[in-house]
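For reference, the chains in residue letters:
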Amino acid sequence: LWIGTSYGNGLNLYIPASRKFQRIVLATQVKPAGNFDEILALQQTHDGVLWIGAQSGLTTLRPGVSGQYPNRTAPCALNSRLSNKNIHALFEDSRNNLWIGTSMGLFLFNPATNSLITYRKKEGNRDSLQADAVNCITEDSQGNIWIGMFYGGVSRFDYHSGRFVTYTDKLGLPNNNVLGIVEDKQGMLWLSTDNGLTRFDAKDKQFKIYTTSDGLAGNKFNNNSFFKDSKGQLYFGGNNGLTAFYPENLQTNTFIAPIRFTYLELFGNTVGIHDKSGLLNKDINFTPGLTFKPDQSNFTIHWAMLNFIKPEKNKYSYLLEGVEKQWNNTNTASATFTNLPAGHYTLLVKGANNDGIWTNEPTRLGITILPPFWKSWYAYVFYTLVAGTVIFFILRFLWLRALFKKEHELHQFKLNFFTNISHEIRTHLTLISGPVEKLLMLPIDAPQHRQLEHVKRNADRLTHLVDELMVFRKAETNNLPLHFAKQNILDFTEEIYKSFMDMAAARNIQVLFEAASLQPGIYFDEQQMTKVIFNLLMNAFKFTPDGGRISITVREEKQNVQISVSDNGKGISPENIKKLFANFFQVAEDTHNTGYGIGLALSKSIVELHKGTLTVSSRQPAEGRDGETTFTISLPKGNGHVNANSMIVSEKLSTNALRKTHQTVAVVQQESEPVERNENKPLVLLVEDNAELRSFIRESLADTYTVLEAVNGLEGWQAAVEQIPELIISDVMMPAKNGFVLCQELKEDIRTSHIPVILLTAKAGQENQVTGLTCGADAYLTKPFSIQILELQVKNLVAGRKAMRLKFGRQLTEITETQPPQEELPVQLSAADLDFMNRLLAFVDEYIDEPAFTVGLLATRMLVSPPILYKKVKALTDMTVNDFIKSLRLKKAAALLERGDMNISEVAYAVGFNRRKYFSEEFKKVYGTTPSEYSGQPSHS
């Protein structure tokens, strides 16, 4: 037995037979400093040569001829060829090659060829050694050479390729300092390290680690302290003693233990069930998922593996899906997470028991991190809405700007057109007004004079409108010349107010003028400001009902003078107030448009050219209170707003101009004369809100017809049902009730359904004509219309209605008992009139044998008053109700006489005559013969 020692004891040979030691002296060159021998490696080769490795090189001991070994080693020739002589390991493989491991490389010596190959670590080369210091060398049963490295793991040498394959702690080795390698009977390699003993399966490349918990004397082992005896028992020496065992007697724990989550920590504090954190409603092991708030970003999840055999050797691996891509290996049964971004994750945990048996499926736990409110889905929806709104308003602004530009260009085009055409219109108006003025100076009768006054007055109005358009164009382009003069605004306003007194009296409107004493006058253009105040007063009278109230107030403020015009009319809706001063804007009230839409726009432009303001406030009528509308003009004091070139000497307002204004207002409001009913003239109802047009039509029809007037649709309806006219002429656009509605109601009411209706309107579109004719109008004339055509339409409709009555009367005389009335009635009748006549004939036939059957009883059955029944029957048959009933009695009598089964007295009683003589007289008046002669019966019967 060869024993290598250190610290001066050298090499010793133990002879078991004699139980003696023979000390062998090493060659001088291998002695270390201090002059004592330190043996690090021994290897006896197949030829009996003992190779001794020391810190200073190699030496050999060869047996003699008798097999005895000498007492002194011989120097080794390889020392001169070794780059490092600090020998740590010596090993002869099955090929008789000698492996020499040093602190700075590995050498392969082939005695047969005397070749020496050096293997060193090469940086970046995975096929070379991963460390230069060699601890141990061995050969397995497959002929593979295994080299244990000093903190370089264990390497396998492949003779065929000349490459090394290295296994380190990254692949499962407990420590990279491999001190010994032994192969057991099963072909498993046992590696002793600085941190336990490892069984390595070279085929599956699996490591199984054993420590003191498995019965080892210690976890740290010594260099070259390993051995396998003839029975297969393995020995490993360490700092705490010797460990010996039979590998085949070791048992493997094959139980696959499950993983269970045990508890949760938040910021280092254990989370309880239903605590203030709100994370757990039940034990975490029964919780499918955890939901953390944005401020709960630091938490630790603990788990346990249900393996109780050496549980300290359990290993774990976890992966957080959504964040990590590689599993985290750990010996600690917990995982800590900090500052996870908002989202949904899944924690996967798997474990291995003490013998490295891993769980089949990982245990899962859902984890949700809620985003802060500014990153939540509803916040992003809000951001999207805000961004969309901003984009919408930007696009809307660009679109409106383009639209405004287009409308402005169109507006300018309109104004240019009005300006250019106004000059042409003024020329033709001059040619109209001149001859009319000359004709008015001639001695003509009153009707002709009134017609010429209509022409003159409307020509003057049209001239005024043309002038207003031209002024409006100048004001829009800031080219309206203003001539400022210092004037008394109080006297100026009062003088205009007085010009409306006649109109106020005619309509019973109370007009109040209120003003405080003012300082000397202010500067303004008298002519242009007259248009403004006049326009505001005209609007107030236009929208104030008869018996209403208008007030004009002039008051002085610190920096300006204010003129307010208020009325208690219908008011202005809020949506129309914003558009009131827009060019050509008209308020539509019950389809009745008033004005041209430029008056208020022009007034505002004139006031703004005076550096003033024109504002409006309004409220509509409500229960218990009237409506109210107030226009306020604010003009600055002083002359700071006046251009020196536009200053003129103050003059009084022209009395001729005021008188002309007053006359215009008075004519507009003139009332029609009372109508006296002439039974010889057909009654025509005229419904028109324009006083002058109403007067003109009345005068045109007065010679032939009795004309009854109404100023709006509501009054027209009342007049129609009370008077039952022969014909109705109605405007379409009127307040209270428009012409379409009036016509439809007239045609649907049994009292007025027979009356022809002519509609007059400025709406010349085809759709409007269709609407008018659909609601029952008999004729539709568009303005301007020819008065001659209107007269012919009236004449033809009245004549046609009269002819229909005569025809209907003749048809009634031909009705017999075998011919039902409804089959012979004239086809010209409307559905309502046809129904009326059918019901009338049915009631008369029902009571025809009643002598007491009177007009009053028939009116009651027909559900109308006797006067209405009289007018309706007269309009349809041209007969009175009594004559109509008598006619039907006599026609029934004639039919009975023709049949011949009743005598004359019986026939008379059968048709409601209680005296035979009266019956015979009436029968002869109609048929020209007595009943007896008509029937051929003897007169005494």
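Residues numbered from 1 in each chain as written. Predicted model: local features only at pLDDT ≥ 70, side-chain atom pairs only at ≥ 80, totals over all residues. Heavy atoms only, no water.

Notes on the overall build of the chain
- Regarding its fold elements, the chain presents 20 helices and 45 strands.
- Of all 941 residues assigned to the chain, the portion counted as buried reaches 45%.
- Long-range contacts, defined here as pairs at least 24 residues apart, represent 59% of the contacts in the chain between residues at least 6 apart. (Helix = DSSP H or I, 4+ residues; strand = E, 2+ residues; numbered from the N terminus. Buried < 20%, exposed > 50% of the residue type's maximum accessible area, 1.4 Å probe, protein only. Contact = heavy atoms within 4.5 Å.)

What to know about the packing of aromatic side chains
- Per the counting criterion, the structure on display carries 35 aromatic pairs.
- When the centroid spacing of 4.9 Å and the interplanar angle of 55 degrees are considered together, the rings of Tyr-167 and Phe-200 count as tilted. You can see Tyr-167 sitting in strand E15 (residues 163–167) and its partner Phe-200 sitting in strand E18 (residues 196–201), a full 33 residues away along the chain.
- Note on Tyr-167: relative accessible area 6%, which makes it buried.
- Members of the aromatic cluster, connected to one another through ring pairs, are Phe-292, Phe-299, Trp-303, Tyr-316, Tyr-318 and Phe-337.
- Just above the ring of Tyr-210 sits the side chain of Lys-313; from NZ or CZ to the centre is 5.2 Å. (Phe/Tyr/Trp six-rings, centres within 6.5 Å; stacked < 30°, edge-to-face > 60°. Lys NZ or Arg CZ within 6 Å of the ring centre and 35° of its normal.)

A short note on the environment of Thr-330
- Here Thr-330 lies in strand E28 (residues 328–330).
- Relative accessible area serves as the criterion here: at 19%, Thr-330 is assigned to the buried category.
- For the pair Thr-330 and Asn-314, spaced 16 residues apart in sequence, the C-alpha separation works out to 9.4 Å.
- Apart from the residues within four sequence positions on either side, Thr-330 is in contact with Lys-315, Tyr-316 and Tyr-318.

Brief notes about the packing of helix H17 (residues 881–899) against helix H19 (residues 916–927)
- Packing of H17 against H19 brings their axes to within 11 Å, and their N-to-C directions diverge by 90 degrees. Taken together, the axes of H17 and H19 are roughly perpendicular relative to one another. Packed against H17, whose contacting residues are Lys-886, Leu-890, Lys-891, Ala-893, Ala-894 and Leu-897, the element H19 presents Tyr-918, Phe-919, Glu-922, Phe-923, Val-926 and Tyr-927 at the interface.
- Of the residues contributing to the contact of H17 with H19, the split by class is nine nonpolar, no polar and three charged. (Axes fitted to C-alpha atoms, helices over the stretch in contact; angles between N-to-C directions. Parallel < 35°, antiparallel > 145°, perpendicular 65-115°, else oblique. Nonpolar A, V, L, I, M, F, W, Y, C, P; charged D, E, K, R; others polar.)

Here we look at the sheet that holds strand E31 (residues 363–369)
- A sheet is described by the order of its strands in space; here five strands give the open sequence E25-E31-E30-E27-E28, paired in mixed fashion. Of all strands in the sheet, those bounded by a partner on one side alone are strand E25 (289–292) and E28. The average angle at which neighbouring strand axes cross in this sheet is 20 degrees, direction not considered.
- Pairing analysis gives seven bridges linking strand E27 (residues 315–321) to strand E30 (residues 343–352), with the strands arranged antiparallel. Paired with Glu-321 across the two strands is Thr-346, which belongs to E30. (Pairing = 2+ DSSP bridges.)

Some details on the side chain of Glu-183
- Among the secondary structure elements, Glu-183 is positioned in strand E16 (residues 178–183).
- In this structure Glu-183 is buried but unpaired, with Lys-228 as the nearest side chain of opposite charge at 5.9 Å.
- Other than its neighbours up to four places away in sequence, Glu-183 contacts Glu-139, Asp-140, Ser-141, Met-188, Leu-189 and Lys-228. (Lys, Arg positive; Asp, Glu negative; His and termini not counted. Salt bridge = Lys/Arg side-chain N within 4 Å of Asp/Glu carboxyl O.)

What to know about unusual backbone geometry
- One non-glycine residue, Asn-339, lies in positive phi territory at about 55 degrees.
- Look at Ile-724: it is not a glycine, yet its phi comes out positive at around 50 degrees.
- By the secondary structure assignment, Ile-724 is in the loop between helix H10 (713–723) and strand E43 (727–731).

Topic: the state of the cysteines
- Tallied over the entire structure, the rule returns zero disulfides.
- Residue Cys-743 stays outside any disulfide, its sulfur separated by 3.7 Å from that of Cys-775, the closest cysteine.
- Judged by relative accessible area, which is 1%, Cys-743 ranks as buried. (Disulfide = S-S within 2.5 Å.)

What to know about the nonpolar core
- If you look at the biggest cluster of nonpolar residues, it comprises 46 residues, and the most contacted ones within it are Leu-840, Leu-858, Leu-869 and Phe-884.
- It is helix H14 (residues 831–846) that provides the largest number of residues to this core, a total of six residues.
- Not counting chain neighbours up to four residues away, the residues in contact with Leu-869 comprise Phe-836, Leu-840, Val-855, Leu-858, Ala-859, Met-862, Val-864 and Val-881.
- Counting 42 residues, the second largest nonpolar core, distinct from the first, contains Ile-496, Val-532, Ala-540 and Leu-635. (Core = buried A, V, L, I, M, F, W, Y, C linked by side-chain atoms within 4.5 Å.)

A word on the pairing of E15
- Where strand E14 (residues 154–158) lies against E15, five bridges are found, and the strand directions are antiparallel. From the neighbouring strand, Arg-156 faces E15, where its bridge partner is Val-165.

As for the side chain of Thr-632
- Mapped onto the elements of the fold, Thr-632 is located in strand E40 (residues 628–636).
- Of the polar contacts made by the side chain of Thr-632, one reaches the side chain of Ser-564; its length is 3.3 Å.
- Setting aside residues no more than four positions away along its own chain, Thr-632 makes contact with Gln-562, Ile-563, Ser-564, Thr-613, Leu-614 and Thr-615. (Polar contact = N/O pair within 3.5 Å; in protein donor to acceptor, adjacent residues only side chain to side chain.)

Focus on the pattern of salt bridges
- Tallied over the full model, the rule gives 15 salt bridges.
- Put simply, Glu-123 and Lys-121 hold a salt bridge, and the shortest N to O gap is 3.5 Å.
- Note that Arg-619 is salt-bridged to Glu-628, the shortest N-O span being 3.8 Å.
- Note on Arg-619: relative accessible area 37%, which makes it partly exposed.
- Bridged by salt links that share partners, the residues Asp-214, Lys-310 and Lys-313 form one connected network.

Section: the sheet that holds strand E21 (residues 234–238)
- Taken in spatial order, the three strands of this open sheet run E20-E21-E22, and their pairing is antiparallel. Edge strands, defined here as strands with exactly one partner in the open sheet, are strand E20 (221–228) and strand E22 (241–245). For this sheet the average axis-to-axis angle between neighbouring strands, irrespective of direction, equals 15 degrees.
- For E21 and E22, the ladder comprises five bridges, and the chain directions are antiparallel. Within E22, the residue paired with Tyr-235 across the bridge is Ala-244.

What to know about the environment of Lys-795
- Summarising the element assignment, Lys-795 is placed in helix H13 (residues 787–813).
- Overall, Lys-795 belongs to the exposed group, its relative accessible area being 51%.
- C-alpha separation for the pair Lys-795 and Leu-727, spaced 68 residues apart in sequence, amounts to 9.8 Å.

Overview of the packing of helix H3 (residues 489–498) against helix H5 (residues 526–542)
- It is the contact of H3 with H5, at a shortest axis distance of 10 Å, that shows an interaxial angle of 45 degrees. Comparing their axes, H5 and H3 come out oblique. The hand of the H3/H5 crossing is right-handed. Only Glu-526, Met-529, Thr-530, Ile-533 and Leu-537 of H5 make contact with H3, whose side of the interface consists of Phe-492, Thr-493, Ile-496 and Tyr-497.
- Tallied by class, residues from the contact of H3 with H5 come to six nonpolar, two polar and one charged. (Left-handed = near helix turned anticlockwise from the far one by under 90°.)

Concerning the pairing of E30
- Pairing of E30 with E31, which is carried by seven bridges, proceeds in the antiparallel orientation. Of the residues in E31, the one forming a bridge with Leu-348 is Arg-364.

Observations concerning the environment of Lys-208
- Within the element layout of this structure, Lys-208 appears in strand E19 (residues 206–210).
- Distance in space between the C-alpha atoms of Lys-208 and Gly-356 is 6.8 Å, their sequence separation being 148 residues.
- A distance of 2.7 Å separates the side chain of Lys-208 from the side chain of Asp-355, its partner in a polar contact.

Quick notes on the confidence of the model for the chain
- Residues at a pLDDT of 70 or more form 85% of the chain, whose mean pLDDT is 81.
- Throughout residues 589–596 the model reports pLDDT below 50, and contacts reaching past four residues in sequence, or to other chains, amount to 25 contacts.
- Every residue in residues 649–673 scores below 50 in pLDDT, and together they form 32 contacts with partners more than four places removed in sequence or on other chains. (pLDDT = per-residue confidence, 0-100.)

Side note on helix H15 (residues 855–862)
- Looking only at H15, the buried set comprises Val-855, Leu-858, Ala-859 and Met-862. Looking straight down H15, one finds that the buried residues subtend no more than 100 degrees of arc, so they occupy a single side.
- Backbone geometry just after H15 places Leu-863 at a positive phi near 65 degrees. (Arc of directions from axis to C-beta.)

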